[in-house]
Amino acid sequence: MKGKLAFLERWYDNTKAAAGHKRAMPILCALSFAESSFFPIPVDVMIMPMVQAKPKSWWRIALWASVFSVLGGIFGYMLGMLFFETIAGPLLEKLGKAESMERFSASIQEHGGLWVFGAGFTPFPYKVITIMSGAVPVAFGIFVIASVISRTLRFFLVAGIVRVLGETAERWMKEHFGIFSIGLFAVLVAMYFAYKSLVPH
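Residues numbered from 1 in each chain as written. Predicted model: local features only at pLDDT ≥ 70, side-chain atom pairs only at ≥ 80, totals over all residues. Heavy atoms only, no water.

What about the overall build of the protein chain?
Operational definition: Helix numbers and strand numbers start at the N terminus; a helix is a DSSP run of H or I with at least 4 residues, a strand a run of E with at least 2. Relative accessibility under 20% of the residue-type maximum defines a buried residue, over 50% an exposed one, and the middle range a partly exposed one, all with a 1.4 Å probe and only protein chains included. Note on contacts: a residue pair is in contact if any heavy atoms of the two residues lie within 4.5 Å. Shrake-Rupley sampling with a 1.4 Å probe provides the accessible areas, and residues are treated as covered by the protein chains on show and by no other component.
In terms of regular secondary structure, the protein chain is built from nine helices and zero strands. The order of α-helices and β-strands along the protein chain, N terminus first, is α-α-α-α-α-α-α-α-α. The proportion of buried residues among the 201 residues of the protein chain is 42%. When contacts within the protein chain are restricted to residue pairs at least 6 apart in sequence, long-range pairs at least 24 apart make up 74% of them. Carbon together with sulfur atoms contributes 67% to the accessible area of the protein chain, which is approximately 10,900 Å² in total.

Next up, the structure:
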């Protein structure tokens, strides 16, 4: 990376290196919280080497990442609800998420819960959804439920894949996980709409 985005490469390397720190778990919790509202590097970058180092603890690593990611998402929701115009909106624009904000804002009214779930599970930036959910707003209960399900499913899936594939997991994640997660989300959405169409209201 060059120019304005060079700092992202440094943050990526530092995030990955933190997995080997003696206090890796507290650092993971802090980064999981921060990534849900303002930190630009996905938590998966730290989860993968942590699971490789301690494969038997894969579920504990995924669990703590999920818990603090949801807490960070609630913080992002509050930022959007209380400070969107002055802080949250400009912050997302600085992180290059202006286009994502526009897409989300135009589509959230009818299926807010699906948007939250999709962003929590797929490569779509979850921080955009947390902040925009508070700004629109999405009902808080729906936001929390969708966040818990999506973040837990994502991090347990990532940690589980690393537990099974070991050292080859990082390459597989970079090449395939984005497409895999989007495809699985598409299947779940199709099942959701099929259920709605078949079940009488």
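Read on, since the account is not over.
Re the packing of helix α7 (residues 126-135) against helix α8 (residues 140-165)
How we decide: Every axis corresponds to a line fitted to the C-alpha atoms, with the helix fit spanning only the stretch in contact, and the corresponding angles, defined between N-to-C directions, vary from 0 to 180 degrees. Should an angle lie under 35 degrees it is considered roughly parallel, over 145 roughly antiparallel, and from 65 to 115 roughly perpendicular; all remaining angles are considered oblique. Amino acids are sorted into nonpolar (Ala, Val, Leu, Ile, Met, Phe, Trp, Tyr, Cys and Pro), charged (Asp, Glu, Lys and Arg) and polar (every other residue, Gly among them).
Running from N to C, α7 and α8 point in directions that differ by 170 degrees, and their axes come no closer than 12 Å. The orientation of α7 with respect to α8, classified from their angle, is roughly antiparallel. Each of Y126, I129, T130 and S133 in α7 lies in contact with α8, whose residues at this interface are F143, S147 and R151. Residues of the contact of α7 with α8, tallied by class, amount to three nonpolar, three polar and one charged.

Quick look at the packing of aromatic side chains
As a reminder of what qualifies: Aromatic contacts are taken between Phe, Tyr and Trp rings whose centres are within 6.5 Å, Trp giving its six-membered ring; a plane angle under 30 degrees counts as stacked, one over 60 as edge-to-face, and the others as tilted. Cation placement over rings: the criterion is NZ of Lys or CZ of Arg within 6 Å of the ring centroid and within 35° of the ring normal.
Applying the stated rule across the entire model yields five aromatic pairs. Ring centres 5.9 Å apart and planes at 80 degrees place the aromatic pair W58 and F156 in the edge-to-face group. Residue W58 is located in helix α4 (residues 58-94), and its partner F156 is located in helix α8; the two are separated by 98 residues in the primary sequence. Residue classification places F156 among the partly exposed positions, given a relative accessible area of 26%. Aromatic pair W64 and F68: ring centres 6.0 Å apart, planes at 35 degrees, arrangement tilted. Here F68 and W64 lie together in helix α4, a separation of four residues that amounts to about one turn. The exposure class assigned to W64 is partly exposed, which follows from its relative accessible area of 37%. Take F68: its relative accessible area is 26%, and that puts it in the partly exposed class. Site record: aromatic cluster; members linked through ring pairs are Y77, F140 and F143. The lysine or arginine in question, R151, covers the ring of Y126, its NZ or CZ lying 4.3 Å from the ring centre.

A closer look at helix α3 (residues 44-53)
Counted residue by residue, α3 has eight buried out of ten residues, so it is predominantly covered. Those residues of α3 that sit buried are D44, V45, M46, I47, M48, P49, M50 and V51.

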